Amino acid sequence: MTQKKYVVGITDHMIGSPDLEAEVLGQDVEIDFLATTNETLFDVDRLARLDALMVWGARLTSRSIAHLKRCRVVVRYGVGYEKIDLAALANAGIPFANNPDYGTEEVADHAIAMILSLHRRLWEHDARARGYASGWQVHSLKPLSRSNHATIGVIGVGRIGTAVVNRLKPFGFRILGYDPGQPPGHEKAVGYERVERLPDILAQSDIVTLHCPATAETRGMLDADGLARLKPGAILVNTARGELLGDLDALEKALRSGHLAAAAIDTLAHEPPGQHPLLSAWRNRDDWLAGRLVITPHNAFYSDHAAVEMRTNAARTVRILLEEGRLRNRVTA
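Read on for a plain summary of the structure. (Residues numbered from 1 in each chain as written. Predicted model: local features only at pLDDT ≥ 70, side-chain atom pairs only at ≥ 80, totals over all residues. Heavy atoms only, no water.)

### Some details on the sheet that holds strand 1 (residues 6-10)
Working step 1: One open sheet holds the six strands; their spatial order is 2-1-3-4-5-13, and the pairing between them is mixed. The open sheet is flanked by strand 2 (29-33) and strand 13 (330-331), the only strands paired with a single partner.
Working step 2: Strand direction decides the pairing type here: strand 5 (residues 96-97) and strand 13, joined by two bridges, are antiparallel. When the sheet's bridge partners are listed, F96 is paired in strand 13 with V331.
Working step 3: Contacting strand 1, strand 2, strand 3 (52-55), strand 4 (74-76) and strand 5, helix 13 (residues 304-324) runs over the sheet at an angle of about 165 degrees to strand 3. (Pairing = 2+ DSSP bridges. Helix = DSSP H or I, 4+ residues; strand = E, 2+ residues; numbered from the N terminus. Contact = heavy atoms within 4.5 Å. Axes fitted to C-alpha atoms, helices over the stretch in contact; angles between N-to-C directions.)

Here you go:
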């Protein structure tokens, strides 16, 4: 058997075997599929022979990085990299890249579906209509405003946030945007009203949708104090990172009091979610929460097309680095 030129490791995979990656990487690449999200199970001898490592859901810390003796790059399949120890990679001289150029349409569509459904109170209508024994149309839920009488605050106006803004425009919402990372004039090019302070966008928005990464600055941005700054009766949508919310206690309190009218969440700080009174109320379809809390299992990114795009783009990033020495989508600590 002819020895392959490169060895590329793949930690784990949620969509079958890495056949698509093999096709993109080419015939001169051997794929070593570790097949586990548990970093403690990585074989150190297998790590030592890798020229590149692709990471899906596994954590990658100094424990494993110390054994990546030949590794020229680590590439994450997804956008977020909270589980990757960037400092340890930097100390080892191994560059890191994420994979931001996939699934933009899917996450934006998911967020828009959540926004429109909660704004129109569709899930609450559905939950309550099951119990109507008399009357029908008389059971309209109030308040229920027109879209062109409501303000949406988009926190994070990067690729996905911009896609959300563009999808919102035809509905007539007033659109505010908060993103200190975007240059002056970005709001004019995209078409939203820039807000300079987080408390201001929270106070003005009937609906808040989150599209920012989890960083030291953003983790817990909507803790109890942040939720209290929301406009009374606001709606919250989070298709970004679960860590942006402080804790479920604060979210439950805001929903129970009515200060938060409803929330739709695709990402949680701990997945799959464990036990919590709010989650129990959601699972049991408690009347007080009916249609007001929507949780999807961290799959806003997914479509059949996005899955192919994600795997292809991640493998292409590795291929370009190995063949050309050029790293796209590089992330530094």
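The discussion continues.
### A look at the nonpolar core
Working step 1: If you look at the biggest cluster of nonpolar residues, it comprises 33 residues, and the most contacted ones within it are I155 and L236.
Working step 2: Of all the secondary-structure elements, those providing two or more residues to this core are strand 7 (174-178), helix 9 (198-204), strand 9 (207-210), strand 10 (234-238), helix 11 (248-257), strand 11 (260-265), helix 12 (277-283) and strand 12 (293-295).
Working step 3: Per element, the largest residue contribution to this core is four residues, and it comes from helix 11.
Working step 4: Those residues in contact with I155 that lie beyond four places of it in its chain are Y178, L198, I201, L202, V208, T209, L210, H211, C212 and M221.
Working step 5: With 24 residues, the next largest nonpolar core counts I175, I207, V237 and V294 among its residues. (Core = buried A, V, L, I, M, F, W, Y, C linked by side-chain atoms within 4.5 Å. Buried < 20%, exposed > 50% of the residue type's maximum accessible area, 1.4 Å probe, protein only.)

### Overview of the packing of aromatic side chains
Working step 1: Using the criterion set out here, one finds six aromatic pairs in the structure.
Working step 2: Between Y81 and F96, the aromatic rings sit 5.8 Å apart at their centres with planes inclined by 70 degrees, giving edge-to-face as the arrangement. Within this pair, whereas Y81 is found in the loop between strand 4 and helix 4 (86-92), its partner F96 is found in strand 5, the two being separated by 15 residues in sequence.
Working step 3: For F96, a relative accessible area of 2% gives the class buried.
Working step 4: Their ring planes at 45 degrees and their centres at 6.4 Å tell us that F171 and F173 sit as a pair that is tilted.
Working step 5: Grouped by ring-pair contacts, the aromatic residues Y102, F301 and Y302 constitute a single cluster. (Phe/Tyr/Trp six-rings, centres within 6.5 Å; stacked < 30°, edge-to-face > 60°.)

Such coordinate-based values are descriptive only and should not be taken to indicate function.
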